[in-house]
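Working through the structure, step by step
Here is how the chains run, residue by residue.
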Amino acid sequence: MRRKVKGNVDWVGKIDWELKKFHGSEYSTHRGSSYNSYVVQEAKTVLIDGVWAPFAKEFVDNLEAEGILAKLDFVVANHGEVDHSGSLPELLRRRPGLPVYCTAKGVQSLKGLYHEDWNFQVVKTGDSLDIGNGKSLVFVEAPMLHWPDSMFTYLAGEALLFSNDAFGQHYASERLFNDLVDQDELWAECVKYYANILTPFSALVTRKIAEVLALGVPVEMIAPSHGIIWRKDPLQIVTKYQAWAADYQEDRIAILYDSMWDGTRKLAEGIAQGISQASPSTKVVVHNVAKTDKNDVITDVFRSKAILAGSPTVNRGILNAMAGILEEIRGLKFKGKAASAFGCHGWSAEGVPLLLEELAKAGFEIRGEGLKVLWEPDAAAVEAARELGRKFVG
Ligand code: FEO
């Protein structure tokens, strides 16, 4: 259903209430998502982005029913990823030859994904298209935010920025605007999105925001391609991104572990107690990573100033859930965070050194040599875990 956004701009996307996993199974979407597509109807009629392929027919049928499909003069593809471009094959089958405006990298990704030689029109930063009635579209390339092809489109005359993935959230809501939704839910989804997708590109986020702000153009609304539209104080999400991109951390420590017979769990809990004793203001979060949603774990790592990783030694290594989350953490390139490790062992004790090695490779500042406990932790071992916690924040 078409929804009015601003001026002659309407939302024509798809709310995906039942989506629980995104990027295959890489990203949990507890609150669903949306694929936001926008139509701008001035002298020219323009479609900005589209929806994921499973909804392509429904999407294009709706455009037809609304009388938009036949009027379209061109499409803007801010980003080639399939959640936004998946409707292009159906759209262009029904409107062959329709120009598709995108970056040079966008041509590569769209050709690579669909193997079609559509009517691509390449744009670069600063290019603009007059769409009549005093309005124009201005393009701003945003490479690696989060694909090489990504760009923003600014609608001059409405002060509206179509930011694609940037400033978005996986958050299904019939309430289109930021001021109409539950603020705790909204911000939880925003920080999760940044932590899990944009962290490795933080330096680029900082530079791109500075570049856009330096243009000095008014921004009355930011319309991303997922979740709600920033209508009330739209720059609040930009300010948040600036903070998140600056090696963000809170007075928070995340303890991540997996355990076979609860020995390593007891150490995790002891460390949490020690941290709380020595630094009551520090928020401690404890996750069994084999039982906790991994994107929620990553979000807590993002918010933390330090992490402690625990695993028993198994087959001279660590448990696979810890290995998996450490691989995620390594790829996200966190900066300015400290770490240590802990775990139980029986006849050999490779687990803790291996954890420390992986944490160092992931860019964490290693504090101390961690804690290895032979067999089941007794009261003295649990006290040693508390001491590790106390010293870690001491
Ligand atoms: Fe929402 Fe990178 O696609």
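Residue indices begin from 1 for each chain and proceed along its sequence in written order. Given that the model is predicted, a residue must reach a pLDDT of at least 70 before its local features are reported, and side-chain atom pairs must reach 80 or more before they are shown or counted; all residues, however, enter totals for whole chains, interfaces and linings. Only hydrogens and water are removed before side-chain values are computed, so all heavy atoms of the structure are retained for them.

**Concerning the packing of helix 10 (residues 320-332) against helix 11 (residues 351-361)**
It is the contact of helix 10 with helix 11, at a shortest axis distance of 9 Å, that shows an interaxial angle of 20°. By the angle between their axes, helix 10 is roughly parallel relative to helix 11. Crossing of helix 10 against helix 11: the hand is right-handed. The residues of helix 11 that touch helix 10, namely those facing Met322, Leu326 and Arg330, are Leu355, Glu358, Leu359 and Lys361. Only Asp, Glu, Lys and Arg are considered charged in this grouping, and only Ala, Val, Leu, Ile, Met, Phe, Trp, Tyr, Cys and Pro are considered nonpolar; every other residue, Gly among them, is considered polar. Looking at side-chain class alone, the contact of helix 10 with helix 11 contains 4 nonpolar, no polar and 3 charged residues. Simply put, an axis is a line fit to the C-alpha atoms, just over the touching stretch for a helix, and the angle between two N-to-C directions goes from 0 to 180 degrees. The helix and strand labels rest on DSSP assignments: H or I over at least four residues marks a helix, E over at least two residues marks a strand, and numbering proceeds from the N terminus. If an angle is under 35 degrees, it is roughly parallel; if it is over 145, roughly antiparallel; if it lies from 65 to 115, roughly perpendicular; otherwise it is oblique. When the near helix sits turned anticlockwise from the far one by under a right angle, the crossing is termed left-handed; a clockwise turn instead gives a right-handed crossing. When checking whether two residues touch, look at their non-hydrogen atoms; a contact exists if any pair is within 4.5 Å.

**Topic: the nonpolar core**
Ranked by internal contacts, the top residues of the largest apolar core, which has 86 residues, are Leu91, Ile237, Tyr241 and Ile329. Looking at which domains feed residues into this core, each of domain 1 (3-244) and domain 2 (254-392) supplies at least three. With near-sequence residues (within four places) excluded, isoleucine 237 lies in contact with Phe167, Trp187, Cys190, Ile222, Trp230 and Trp244. Residues belong to one nonpolar core when they are buried, are Ala, Val, Leu, Ile, Met, Phe, Trp, Tyr or Cys, and are joined through side-chain atoms within 4.5 Å. Here's how the labels work: a residue is buried when its accessible area is under 20% of the maximum for its type, exposed when over 50%, partly exposed in between, all with a 1.4 Å probe on protein chains only. Where a domain begins and ends is set by an automatic assignment or by a domain database.

**What to know about the packing of helix 5 (residues 183-198) against helix 7 (residues 235-245)**
Interhelical geometry of helix 5 versus helix 7 gives an angle of 45° and a closest axis separation of 11 Å. The pairing of helix 5 with helix 7 is recorded here as oblique in orientation. The crossing of helix 5 and helix 7 is right-handed. Residues Trp187, Cys190, Val191, Tyr193, Tyr194 and Leu198 of helix 5 form the contact with helix 7, whose own contacting residues are Gln236, Ile237, Lys240, Tyr241, Trp244 and Ala245. Here the residues of the contact of helix 5 with helix 7 sort into 10 nonpolar, 1 polar and 1 charged.

**A word on the pairing of strand 20 (residues 338-345)**
Counting buried residues in strand 20 gives 8 out of 8 residues, a clear majority hidden from the surface. What you see with strand 20 is no split at all: Ala338, Ser340, Phe342 and Cys344 on one side and Ala339, Ala341, Gly343 and His345 on the other are buried throughout. For two strands to pair, DSSP has to find at least two bridges joining them. As defined by bridge partners, strand 19 (residues 306-310) adjoins strand 20 across 5 bridges and the pair is classed as parallel. Note on strand 20: the bridge partner recorded for glycine 310 is phenylalanine 342. Seen with its strands pointing away from the viewer, a crossover is right-handed when the path leading from the first strand over the helix to the second is clockwise. The parallel pair strand 19 and strand 20, bridged by helix 10, forms a crossover whose chirality is right-handed. What joins strand 20 to strand 21 (residues 365-366) is helix 11, and the crossover it makes is right-handed. For strand 20 and strand 22 (residues 371-374), the ladder comprises 4 bridges, and the chain directions are parallel. When the bridges of strand 22 are listed, cysteine 344 appears paired with valine 373.

**Considering the packing of aromatic side chains**
Two rings from Phe, Tyr or Trp (for Trp, the six-membered ring) form a pair when their centres are within 6.5 Å of each other. A pair whose planes differ by under 30 degrees is stacked, one over 60 is edge-to-face, and the rest are tilted. One pass over the full model with this rule turns up 18 aromatic pairs. Its guanidinium or amino end placed over the ring of tryptophan 187, lysine 240 lies 5.6 Å from that ring's centre, counting from NZ or CZ. We count a charge as sitting over a ring when the NZ of a lysine or the CZ of an arginine lies within 6 Å of the ring centre and within 35 degrees of the ring normal. Lying over the aromatic face of phenylalanine 392, arginine 367 brings its terminal NZ or CZ to 4.9 Å of the ring centre.

**Focus: unusual backbone geometry**
Look at the link from leucine 145 to histidine 146: it is a cis peptide, with omega at 10°. Following the sequence through the fold, histidine 146 ends up in the loop between strand 13 (135-141) and strand 14 (151-156). Despite not being glycine, histidine 115 has its phi angle at roughly 55°, a positive value. Looking at the secondary structure, you find histidine 115 in the loop between helix 4 (104-114) and strand 11 (120-122). A positive phi is found at lysine 333, a non-glycine position, where the angle reads about 55°. For lysine 333, the location among the structural elements is in the loop between helix 10 and strand 20.

**Considerations on helix 6 (residues 202-214)**
Side chains that are three or four residues apart share a direction in an α-helix, a result of its 3.6 residues per turn. When the terminal C-alpha atoms of helix 6 are compared, their 18 Å separation across 13 residues agrees well with the 18 Å that a helix rising 1.5 Å per residue should span. Looking at the packing, one finds that the buried side of helix 6 touches strand 13, strand 14, helix 5 and helix 7. Glycine 216 occupies a position one or two residues after helix 6 and carries a positive phi of about 70°. Multiplying 1.5 Å by the helix residue count minus one yields the expected span of that helix.

**With respect to the domain arrangement of the protein**
The domain boundaries assigned to the protein delineate domain 1 (3-244) and domain 2 (254-392). Put simply, the middle of domain 1 and the middle of domain 2, counted by C-alpha atoms, are 39 Å apart. The partner domain 2 presents 11 residues to the 14 residues of domain 1 that form the contact. A buried area of about 1100 Å², summed over both sides, lies between domain 1 and domain 2, and 55% of it is on carbon and sulfur atoms. When two parts are put together, the accessible area they lose, computed with a 1.4 Å probe and summed over both, is reported as buried area. Looking at the side of domain 1 facing domain 2, the largest losses of area belong to Glu26, Asn196 and Pro200, adding up to 40% of the total buried there. For salt bridges, the criterion is a side-chain nitrogen of Lys or Arg within 4 Å of an Asp or Glu carboxyl oxygen. Where domain 1 packs against domain 2, one counts 2 salt bridges. Note that glutamate 26 and lysine 294 form a salt bridge whose closest N and O atoms lie 3.4 Å from each other.

**Considerations on the pairing of strand 13**
Counting buried positions over the 7 residues of strand 13 gives 5, a clear majority of the element. As paired strands, strand 12 (residues 128-132) and strand 13 are joined by 4 bridges and run antiparallel to one another. Considered in strand 13, the bridge of aspartate 130 is made with serine 136. Counted between consecutive antiparallel strands, the loop separating strand 12 from strand 13 contains 2 residues, among which asparagine 133 sits at a positive phi close to 60°. Pairing of strand 13 with strand 14 involves 6 bridges; the strand directions are antiparallel. Looking at strand 14, one finds that valine 140 is bridged to phenylalanine 152.

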